[in-house]
Amino acid sequence: MGIGSRIVGVGSYVPPKIYENKDLEEMMDTSNEWIVQRTGIERRHWVDPKSSTSDLALEASLKAIKDAGLEKTDIDMIILGTLSPDHDFPGTGCFLQAKLDLPEITVLDIRQQCTGFIYGISIADKFIKSGSHKNILVVGAEVHSKGLDKTPRGRGVSVLFGDGAGAVVMQPVEVNDPKKDPHLMTTRLHADGKYAKELWLPAPGMAFEGSERWSEELMAEGLHYPQMNGKVVFVHAVKRMAESLTAACKETGIKFEDVDCFLFHQANLRINSKVAEVLGLDESKIFNTIQDFGNTTAATIPLGMDEAIKAGKLKKGDLVASAAFGSGFTWGSAIWRY
Ligand code: ACO
């Protein structure tokens, strides 16, 4: 059939410090019961003051490269997805590249938030099929904790997010039997910018009127913290993830019951249960990690993949179906045989 791309190495990293729901109770005037009932989250990892997004990305990347049986000097491209960059510019991928000591290789930062990893592997697939690159590192990494409003004002958002990173290495592979050979079978990528302000971080921003991109007033209003219309996000996430996954399965001729492991974005356990209900999926095949990590945005799917492998729930040769939804709005799905 020809050349495709394949995930050959997986790695993840979360910072050691765990915050249980009860640790947030006093800080944000919340309760363990509220968080568990509404979201399924029990705990999350948050970084120490010295760590940055590229630090977490580095740890996950080194593990993925080792898992692929490669030397880091084999990597010829980095694609990094994050919504919590080390700095506004340059992209965090450049900081990661420097930490990996891989000068001159191609680096691409993408800003597709919770859908970042699906966009990332789709881009990698296309670069690989073009023949221009051979060992692409696709990374999702987030340090949310330093950007959250940890007062009662922010509790509707801040209890949801955790820090972490996940990475995969992708390589070319000869695909003879598209149903059986390990490779990325399809990705579907979407966005609808008219919902951009339903889940966003407004400030600092060049769109503010005036000659500065931030002001004391913007900060006093808390516009440098994420803003979310939770109910709108919930409804769209269920609809779009179900829709995209259905289309991906139809395109590849795969039935839901053929799938060994569903790796969904982890925004809320109830979103994933609802997707399972709408599509009639076997919920025991959905590998959820939100209980222990919260929402780690672009890191969620590769982190989940690594956890699923460690838990023995995902083995070489298994069929994986993934779907994500996030800020933008962006959403998408992917199907691969591992
Ligand atoms: N602790 C205690 N009470 C809280 C908290 C909290 N952390 N947050 C909100 N509340 C209170 C509110 O003040 C409100 O109180 P009131 O009724 O007295 O006014 C009440 O709980 C209900 O608030 P809502 O915001 O209406 O709560 P809702 O039922 O919509 O649940 C939630 C909020 C969990 C965020 C839900 O809307 C949701 O899951 N949305 C999906 C969005 C999501 O998961 N986003 C993650 C990031 S996006 C992504 O990754 C796709």
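Let us look at the structure shown here. (Residues numbered from 1 in each chain as written. Predicted model: local features only at pLDDT ≥ 70, side-chain atom pairs only at ≥ 80, totals over all residues. Heavy atoms only, no water.)

**Remarks on the site of the ligand**
This is how the line gets drawn: Proximity is defined per residue: if any heavy atom of the residue lies within 4 Å of a molecule or strand, that residue is considered near it. The term polar contact refers here to a pair of N or O atoms within 3.5 Å; inside protein, the definition further demands a hydrogen-donor-capable atom paired with an acceptor-capable atom, and it admits residues adjacent in sequence only when both atoms are side-chain atoms. Only runs of H or I of at least four residues qualify as helices and only runs of E of at least two qualify as strands under DSSP, and these elements are numbered from the N terminus. Throughout this entry, Asp, Glu, Lys and Arg are counted as charged residues, while Ala, Val, Leu, Ile, Met, Phe, Trp, Tyr, Cys and Pro are counted as nonpolar. The remaining residues, Gly among them, count as polar. The split into domains, and so the bounds of each, comes from an automatic or database assignment of domains.
Near the ligand you find 22 residues, and of these Thr30, Arg38, Lys231, Asn268 and Asn295 are the closest. Separating a nitrogen atom of the ligand from a side-chain N or O atom of Thr30 is a distance of 2.6 Å. Elements with a contribution of two residues or more to the shell around the ligand: α2 (32-39), α6 (155-158), α8 (230-252) and β12 (319-326). Among the elements that take part in the shell around the ligand, α8 stands out by supplying four residues, more than any other. Split into classes, the residues belonging to the shell around the ligand amount to 11 nonpolar, eight polar and three charged. Here the shell around the ligand gathers at least three residues from each of two domains, domain 1 (2-175) and domain 2 (184-337).

**Some details on empty space enclosed by the protein**
Space left empty within the atom packing is revealed by a probe, the size of a water molecule, rolled over the atoms. Cut-off, in case you're wondering: Only protein atoms enter the 1 Å grid used here, on which a cavity is any set of points holding a 1.4 Å probe that cannot leave and a pocket is any open set flanked by protein within 12 Å on both sides along at least five of seven lines; residues with an atom within 4 Å of a point are listed as lining. Grid points are joined across faces, edges and corners, and a volume is the space filled by probe spheres set on the points.
Taken as a whole, this structure holds one cavity of 30 Å³ or more when the rule is applied. Each pocket or cavity is described by its volume, and for the largest cavity that value is around 40 Å³. Element by element, the count of residues in the lining of the largest cavity is highest for helix α11 (residues 300-310), at three residues. Tallied by class, the residues present in the lining of the largest cavity amount to four nonpolar, four polar and no charged.

**Looking at the pattern of salt bridges**
Put simply, the rule reads: Salt bridges, as used here, are contacts in which a Lys or Arg side-chain nitrogen is within 4 Å of a carboxyl oxygen on Asp or Glu. Three exposure classes are used, based on accessible area relative to the maximum for each residue type with a 1.4 Å probe and protein chains only: buried under 20%, partly exposed in between, and exposed over 50%.
Inspection of every chain in the model, using the stated rule, returns 16 salt bridges. A salt bridge links Glu42 to Arg43; the shortest N-O distance between them is 3.5 Å. Ionic pairing is found between Arg240 and Glu243, a salt bridge with its closest N-O pair at 2.7 Å. Taken together, the residues Arg240 and Glu243, both in helix α8 and three residues apart, mark about one turn of the helix. Arg240 gets classed as buried once you look at its relative accessible area, which sits at 17%. Its relative accessible area of 36% is what places Glu243 among the partly exposed residues.

**Structural notes on the packing of helix α3 (residues 53-67) against helix α4 (residues 92-100)**
So the rule is basically this: As a rule, the C-alpha atoms of each element are fitted with a line to give its axis, helices using only the stretch in contact, and angles between N-to-C directions run from 0 to 180 degrees. Angle categories: roughly parallel below 35 degrees, roughly antiparallel above 145, roughly perpendicular from 65 to 115, and oblique for all the rest. Note on convention: the crossing is left-handed when the near helix lies turned anticlockwise from the far helix by less than a right angle, right-handed when the turn is clockwise. By definition, residues are in contact when any of their heavy atoms lie within 4.5 Å.
Between α3 and α4, whose axes approach to 9 Å, the crossing angle comes to 55°. It follows that α3 is oblique to α4 by the angle criterion. Along this stretch, α3 crosses α4, giving a crossing that reads as right-handed. Of the residues in α4, those in contact with Thr53, Ser54, Asp55, Ala57, Leu58, Ser61, Leu62 and Ile65 of α3 are Thr92, Phe95, Leu96, Lys99 and Leu100.

**Quick word on the sheet that holds strand β13 (residues 330-337)**
To keep it simple, the criterion reads: Only when DSSP finds a minimum of two bridges between them are two strands counted as paired.
Spatially, four strands are ordered β8-β13-β12-β11 in an open sheet, and the strand pairing comes out mixed. The outermost strands of the open sheet, each flanked by one partner alone, are β8 (183-191) and β11 (261-264). Sheet twist, expressed as the average angle between the axes of neighbouring strands with direction ignored, equals 10°. Bridge count for β11 against β12 is four bridges, and the pairing is parallel. Bridge pairing in β12 places Phe264 opposite Ala323.

**Looking at the layout of surface pockets**
In this structure, the second largest pocket encloses a volume near 150 Å³. Every residue lining the second largest pocket is counted, 13 residues in all, and those nearest its centre are Met1, Pro178, His183, Leu184 and Met185. Residue assignment for the lining of the second largest pocket shows that the elements contributing at least two residues are β1 (2-13) and β8. Classifying every residue of the lining of the second largest pocket gives seven nonpolar, four polar and two charged. When residues are assigned to domains, the lining of the second largest pocket turns out to be shared by domain 1 (2-175) and domain 2 (184-337), each giving three or more.

**Quick notes on the side chain of His236**
For His236, the position within the fold is in helix α8. You can call His236 buried: its relative accessible area is 18%. Contacts of His236, omitting those with residues within four sequence positions, involve Tyr195, Phe325 and Phe329.

**Concerning the side chain of Asp86**
Quick note on the threshold: When charges are counted, neither His nor the chain ends are considered; positive counts come from Lys and Arg and negative counts from Asp and Glu.
As for its placement among the helices and strands, Asp86 is situated in the loop between β4 (77-81) and α4. Of the side chains with opposite charge, Lys99 lies nearest to the buried Asp86, which makes no salt bridge, at 4.4 Å. In terms of polar contacts, Asp86 uses its side chain to reach the backbone amide nitrogen of Thr53, at 3.1 Å. Those residues within four positions of Asp86 in sequence are excluded, and the remaining contacts are Ser52, Thr53, Ser54, Thr92, Phe95 and Lys99.

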